[in-house]
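What the coordinates show
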Amino acid sequence: MGPVLDGKRALVVGGGGGGIGRAITRALAAAGSAVAVVDVDQERAEEAAAEAEAAGVRAVALAGDVRSSSDVDAFVAHAVRELGGLDILVTVVGGQLAFVPPARVHEIADEDWELMFELNLRYVGRVVRAALRVFLEQGTGGTIVSVGSITGVAGSPEQGAYGAAKAGLASLARSVAAEYSREGIRMNVVAAGPIATPVAQAAQAEAERDWIPMGRAGTRDEVANAAIFLASPLSSYISGQTLIVDGGATAVGPFPVEKTRGEGAEWAP
């Protein structure tokens, strides 16, 4: 991919790990954008920033915890100072299987329900609001891309809280589009399907089934490419949308559903 983001300045929240965030950080740098990488683990952020710098762009590693409002304000301000402004925010915050067990809606524990909404919506909203304030103060617009999930687009068994939170993320993008488009601010969501990441073992196994038209899990780079498109001028007339990256999975349906009573599997109606 060419330097479609040459001269831009991006903040990637959750970009230091070994999954999609790290791939997006690399892709932003390859596209010419300076990058500030935020991760709860300083060492991971530094590793990701070093990779970005190897591509010849300015890169900054920042430690921060999205659970803290003061941390969010601090790392956003730090990124703006270090990069000389901000043009792009990418959020890669959230998850499910690494944090809570799968369960039908009536079986989800209160603490697991709350955690899913905090991880996948509340914390993202906190970072988005901080970036919006920066964009408005700069007066030069800005672009937000949030990594979501196809679970927020199509219902998925035993992931009710996670899916509801991801659906809320898509709604947030629509609200940002409705409220801030005239000020040059866009927000879109990349809804990832089964992607081969270190923490997505269950999704990888599922992707081997025949119901994925492409017959394989997606790669982190394929999600990153979609994020770069939405962050770049190539998508300048797109806002409030959800771009599904799932190998065609949501195009065919119905989804295979593990029976919650008895053995084996069945197809959802």
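Residues numbered from 1 in each chain as written. Predicted model: local features only at pLDDT ≥ 70, side-chain atom pairs only at ≥ 80, totals over all residues. Heavy atoms only, no water.

1. A short note on the pairing of strand β1 (residues 9-13)
Summarising burial for β1: four of the five residues are buried, a large majority. Pairing geometry for β1 and strand β2 (residues 34-39), over five bridges, is parallel. By the bridge assignment for β2, Arg-9 is matched with Ala-34. As judged from the four bridges shared by β1 and strand β4 (residues 88-91), these two strands associate in the parallel manner. Its bridge partner being in β4, Leu-11 is matched across the sheet by Leu-89. (Buried < 20%, exposed > 50% of the residue type's maximum accessible area, 1.4 Å probe, protein only. Helix = DSSP H or I, 4+ residues; strand = E, 2+ residues; numbered from the N terminus. Pairing = 2+ DSSP bridges.)

2. So, helix α1 (residues 20-30)
Most of α1 sits out of view: nine of its 11 residues are buried. Listed as buried for α1 are Ile-20, Gly-21, Arg-22, Ala-23, Ile-24, Thr-25, Ala-27, Leu-28 and Ala-29. Looking at the packing, one finds that the buried side of α1 touches β1, β2, α2 (42-54), β4, β5 (142-149) and α7 (220-231). Remark: Gly-32 follows α1 within two positions and exhibits a positive phi of approximately 100°. (Contact = heavy atoms within 4.5 Å.)

3. Regarding the sheet that holds strand β6 (residues 185-192)
Read across the open sheet, the seven strands follow the order β3-β2-β1-β4-β5-β6-β7; overall the sheet is parallel. This sheet does not close on itself; its edge strands, each paired only once, are β3 (59-63) and β7 (242-245). On average, adjacent strands in this sheet sit at an angle of 20° to one another, irrespective of strand direction. The pairing of β6 with β7 spans four bridges and is classified as parallel. Each bridged residue has a counterpart across the sheet, and for Ala-192 the counterpart in β7 is Val-245. Helix α5 (residues 160-180) contacts β5, β6 and β7 of the sheet and is inclined by roughly 160° relative to β6. (Axes fitted to C-alpha atoms, helices over the stretch in contact; angles between N-to-C directions.)

Function cannot be read off these values alone, since they describe shape.
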